[in-house]
Amino acid sequence: MAFTSSPSYGSLNAAFLRTILILHCISTLVFTTISTPPEDPVNCVSGNSDCTVTNSYGVFPDRSTCRAANVAYPTSEAELIAIVAAATKAGRKMRVTTRYSHSLTKLVCTDGTDGLFISTKFLNHTVQSDAKFMTLTVESGVTLRQLIAEAAKVGLALPYAPYWWGLTVGGMMGTGAHGSSLWGKGSAVHDYVTEIRMVSPSSVNDGFAKVRVLSETSTPNEFNAAKVSLGVLGVISQVTLKLQPMFKRSLRYVMRNDSDFGDEAVTFGKKHEFADFIWLPSQGKVVYRIDDRVAVNTSGNGLFDFLPFRSHLSAALAIIRSSEETQETFRDANGKCVGATLISSTLFASSFGLTNNGVIFTGYPVIGSQNRMMSSGSCLDSLQDGLITACPWDSRIKGEFFHQTTFSVPLTQVKSFISDIKSLVKIERKSLCGLELYNGILMRYVTSSPAYLGKEAEALDFDLTYYRAKNPLTPRLYEDFIEEIEQIALFKYDALPHWGKNRNLAFDGVVRKYKNAPAFLKVKESYDPTGLFSSEWTDQILGIKGNTTIVKDGCALEGLCICSEDAHCAPTKGYLCRPGKVYKDARVCTRVSGISVIQSVHYN
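If you're wondering where the values come from, they're calculated on a predicted model, not measured in any experiment.

On a plain count of helices and strands, the protein chain comes out with 14 helices and 26 strands. The globule rule puts the C-alpha radius of gyration for 604 residues at 25 Å, and the 24 Å found for the protein chain is close to it. Across its three principal axes, the protein chain shows a C-alpha extent of roughly 75 × 60 × 50 Å. Across the 604 residues that make up the protein chain, the buried fraction comes to 59%. Within the structure as shown, the protein chain displays about 22500 Å² of accessible surface, and the carbon and sulfur contribution to it stands at 55%. Here the protein chain contributes 61 positive and 56 negative side-chain charges, whose respective centroids are spaced 2 Å apart.

Following this line, the structure appears as structure tokens:
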């Protein structure tokens with residue numbers, strides 16, 4: 001049954017949303033460089049003792065609190081060695097945290113309350129740049145923004161990277177972060193690393209800590225394990241990257257209908273080096289990113305300051321969040337679809353934040369240097385303003401609060417996967433408007449990597465962001481459609497989940513999808529035989545002990561489990577466990593109308 005709203009409420013809501021969106025966009029443009037930067041993800045009761053850690057969104061998928069007895073902030077490799085040695089001697093569990101902690105998953109968490117957080121916040125220096133050999137060596141706490149700027153100073157560029165520059169070098173390598181390309185070595189940052197210095201536990205003969213210098217030529221096995229390490233091998237101290245001479249990019253966005261999108265998605269990445277897509281399935285539209293490398297002497301000084309990554313008025317963010325909560329409460333699919341159309345059309349009309357000269361947009365193509373076009377995040381580049389403005393997802397305000405489901409579907413299966421999503425949209429066109437409120441489905445190209453826990457094949461990475469309720473037992477509007485898409489990708493097409501995103505269910509048994517997982521685990525056993533850098537979460541995702549699903553009442557609502565009985569959904573609110581509509585093997589929480597007596601149903 002389709003969820004509908006009354007015409008009066010929908011029209012009023014549409015007018016309200018239009019007004020708020022206009023004010024929101026104006027504030028975004030005005031307050032680009034005025035914002036409150038995020039707080040440190042580690043908070044301690046007394047000095048650096050009795051600490052908790054969270055992510056930049058303020059909550060983990062299972063809503064647990066991660067604690068440690070202490071946090072340490074090394075400022076050099078020598079200090080890092082001393083910290084790891086002391087903890088190893090004492091047999092203490094350790095995990096690494098970063099400046100902004102952008103991973104949704106519990107990779108920063110250690111076990112119990114007696115462990116140690118090691119923050120790379122002050123390991124943020126450039127060690128050496130070599131223009132002749134086109135290499136740059138940095139400490140692991142250097143942010144992507146710093147890396148891009150340091151490379152540009154000597155006329156060099158990182159060819160591919162994530163679009164958000166608030167990630168650190170160590171964080172990107174820990175999770176396999178990437179941009180979008182099928183060209184060269186692909187879009188993953190770790191595949192442009194040539195040397196890694198890692199501090200890991202060792203024996204008393206080594207003083208309880210050891211610096212391991214890894215490279216493709218000297219230690220290929222260990223190097224390929226460390227390139228995507230999940231933080232279980234030790235602490236990355238320094239990284240050397242192989243860069244390229246500075247170049248420019250020519251970018252334009254084109255919106256088309258999605259009638260031939262299945263075919264285009266498979267071939268488009270071969271035609272354009274930095275291609276990606278924003279798919280708006282409920283609207284039947286796709287935004288194509290036509291983005292290519294051009295000579296460095298090509299005229300143009302373009303800048304990409306992505307609008308959703310700019311600072312925003314906290315008051316406007318609160319109104320938008322309240323509006324979405326109201327839409328969920330009243331099951332107002334029409335209101336969501338109106339809002340989604342307004343947002344997508346406004347972003348497209350404003351060129352997503354592109355300007356031809358750093359100030360205004362005058363037309364396509366926008367041509368600019370790689371360091372000005374590849375990544376952004378100006379809400380981090382700001383002064384304290386008392387939270388009048390902030391990054392949209394800052395947990396200290398009432399702003400965005402969402403799930404992120406991100407996975408890579410093999411390119412050979414992409415056409416079929418897109419067809420399955422289209423089949424779901426045909427059943428109910430309004431079902432995916434909630435995705436479009438968060439800028440649609442972002443799709444980026446990735447290639448196979450020699451990293452043992454990197455991508456296994458050429459693929460398209462699908463990034464779905466969608467509403468999350470503050471109450472974990474509150475079901476979402478059309479949640480069964482998104483749950484089915486998630487299960488189709490992960491189980492029908494064997495997609496690989498992003499290590500730093502996703503809900504728990506995506507990681508159950510995931511290590512079996514990696515052919516080199518045994519080789520990775522062998523290196524892990526060699527580097528940290530007592531598991532001091534491991535945690536319950538890393539043991540689960542690596543298939544060492546336990547699994548990631550948590551079975552309890554309501555567990556499927558937040559992706560802690562796949563429902564097998566109605567109690568895993570919200571039966572008192574009419575959401576029952578049912579088979580998928582297109583993929584019959586899926587088990588999803590579906591709202592069933594007209595039930596007077598709710599009976600528990602089991603699906604095995």
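Next comes the rest of the description.
Turning our eyes to something else, we now look at the pattern of salt bridges. Throughout the structure, instances matching the rule amount to 29 salt bridges. Notably, a salt bridge pairs D40 with K121, separated by 3.1 Å at the nearest N-O pair. Here K121 lies in the loop between β5 (116-119) and β6 (126-130) and D40 lies in the loop between α1 (7-30) and β1 (42-46), a separation of 81 residues in the sequence. Of the charged contacts, one joins R293 and E273 as a salt bridge, the two residues approaching to 2.7 Å between their closest N and O atoms. Remark: E273 occurs in the loop between α6 (261-271) and β14 (276-280) and R293 occurs in strand β15 (residues 285-294); sequence separation between them is 20 residues. Assessed through its relative accessible area of 32%, R293 is described here as partly exposed. In the salt-bridge network here, residues are joined through shared partners; they are R249, D276, R289 and D291.

Mapped onto the fold, V446 is located in strand β22 (residues 441-446). Note on V446: relative accessible area 3%, which makes it buried. Sequence separation between V446 and L243 is 203 residues; the distance between their C-alpha atoms is 19 Å. If near-sequence neighbours (up to four positions away) are discounted, V446 is found in contact with H178, S181, L182, S187, S408, K455, A457, E458 and A459.

The next point concerns the sheet that holds strand β7 (residues 135-139). Spatial strand order, β6-β7-β11-β9-β10: 5 strands in an open sheet with antiparallel pairing. Of all strands in the sheet, those with a lone pairing partner are β6 and β10 (209-215), marking the two edges. Within this sheet the neighbouring strands show an average axis-to-axis angle of 10 degrees, counted without direction. The pairing of β7 with strand β11 (residues 235-242) spans 5 bridges and is classified as antiparallel. Along β11, the bridge assignment pairs V138 with V239. The strands touched by helix α2 (residues 77-90) are β9 (193-201), β10 and β11; relative to β9, the strand with the most contacts, the crossing angle is about 40 degrees.

A low pLDDT means the predicted coordinates there should not be read in detail. The share of residues in the protein chain with pLDDT of 70 or more is 92%, and the mean pLDDT across the chain is 93. Low pLDDT, under 50, characterises residues 29-33; the predicted model gives this stretch 12 contacts beyond four residues in sequence or across chains. Residue range residues 596-602 is modelled with pLDDT below 50. Its contacts to residues more than four positions away, or to other chains, number 12 contacts.

This next bit is on the sheet that holds β5. The strand order across the open sheet built from 5 strands is β1-β2-β3-β5-β4, with neighbouring strands paired in mixed fashion. Strand pairing shows two members of the sheet lacking a second neighbour, β1 and β4 (94-97), which therefore form its edges. The sheet shows a mean angle of 45 degrees between the axes of neighbouring strands, direction not considered. Here β4 runs beside β5; their pairing, made up of 4 bridges, is parallel.

Turning next to the side chain of D62. Structurally, D62 is set in the loop between β2 (49-53) and β3 (66-72). The contact partners of D62, leaving out residues within four places of it in the chain, are K106, I550 and L560.

Further remarks concern the pairing of β6. Two faces belong to every sheet, and in a regular strand the side chains alternate between them. Summarising the sheet, β6 and β7 pair through 4 bridges and their orientation is antiparallel. From the neighbouring strand, Q128 faces β7, where its bridge partner is T137. Once β6 ends, the chain turns through 4 residues before running back antiparallel as β7, passing M134 with a positive phi of about 55 degrees.

Our next topic: unusual backbone geometry. Cis peptide bonds are those with omega within 30 degrees of zero, and the linkage from Y364 to P365 qualifies with -5 degrees. When you line up the elements, P365 lands in the loop between β18 (354-355) and β19 (366-369). Backbone geometry at R331 places phi at a positive 50 degrees, although glycine is not the residue there. Residue position: R331 is located in the loop between α7 (314-329) and α8 (333-349). Although it is not a glycine, N502 adopts a positive phi angle of roughly 80 degrees.

Now for α7. Here α7 contains 16 residues, and its C-alpha end-to-end distance of 22 Å stays within 8% of the 22 Å for a straight helix at 1.5 Å per residue. Within α7, the full set of buried residues consists of S314, A316, L317, R321, S323, E324, Q327 and E328.

Take the UniProt feature "domain: FAD-binding PCMH-type" (unreviewed entry) in the protein chain next. Under the UniProt annotation, the feature "domain: FAD-binding PCMH-type" (unreviewed entry) is placed at residues 64-246. As annotated, residues 64-246 comprises 21% helix and 29% strand, and the C-alpha atoms at either end are separated by 44 Å.

Turning to the pairing of β2, a few remarks are in order. Strand direction decides the pairing type here: β1 and β2, joined by 4 bridges, are antiparallel. Opposite V42, over in β2, you have V53 as the bridge partner. Between β1 and the antiparallel strand that follows it, β2, lie 2 residues; G47 among them carries a positive phi value of about 60 degrees. Strand direction decides the pairing type here: β2 and β3, joined by 4 bridges, are antiparallel. Counted as the bridge partner of S49 is N70 from β3.

Next up on the list: the nonpolar core. If you look at soluble globular proteins, the nonpolar side chains tend to sit buried side by side. If you look at the biggest cluster of nonpolar residues, it comprises 129 residues, and the most contacted ones within it are L158, F277, F407, F417 and F462. Residues in contact with F277, not counting those within four places in the same chain, are F261, E264, A265, F268, V286, V287, Y288, I441, L442, M443, Y445 and L460. The next biggest cluster of nonpolar side chains, apart from the first, holds 15 residues, and it includes L80, I83, A85 and L123.

Going through the model one piece at a time under the given rule, you end up with 30 aromatic pairs. Geometrically, the ring pair formed by Y57 and F402 is edge-to-face, given 5.4 Å between the ring centres and 65 degrees between the ring planes. A residue pair is termed long-range when its members are at least 10 positions apart, and Y57 in the loop between β2 and β3 and F402 in strand β21 (residues 402-410) qualify at 345 residues. Each member of the pair, Y57 as well as F402, carries the same accessibility label: buried.

The rules behind these values
- Residues numbered from 1 in each chain as written.
- Predicted model: local features only at pLDDT ≥ 70, side-chain atom pairs only at ≥ 80, totals over all residues.
- Heavy atoms only, no water.
- Helix = DSSP H or I, 4+ residues; strand = E, 2+ residues; numbered from the N terminus.
- Rg over C-alpha atoms; globule rule 2.2 N^0.38 Å.
- Buried < 20%, exposed > 50% of the residue type's maximum accessible area, 1.4 Å probe, protein only.
- Areas by Shrake-Rupley, 256 points an atom, 1.4 Å probe, with all protein chains shown as cover.
- Lys, Arg positive; Asp, Glu negative; His and termini not counted.
- Charge placed at Lys NZ, Arg CZ, Asp CG, Glu CD.
- Salt bridge = Lys/Arg side-chain N within 4 Å of Asp/Glu carboxyl O.
- Contact = heavy atoms within 4.5 Å.
- Pairing = 2+ DSSP bridges.
- Axes fitted to C-alpha atoms, helices over the stretch in contact; angles between N-to-C directions.
- pLDDT = per-residue confidence, 0-100.
- Expected span 1.5 Å × (residues − 1).
- UniProt positions renumbered as here; feature names shortened; annotations may be inferred.
- Core = buried A, V, L, I, M, F, W, Y, C linked by side-chain atoms within 4.5 Å.
- Phe/Tyr/Trp six-rings, centres within 6.5 Å; stacked < 30°, edge-to-face > 60°.

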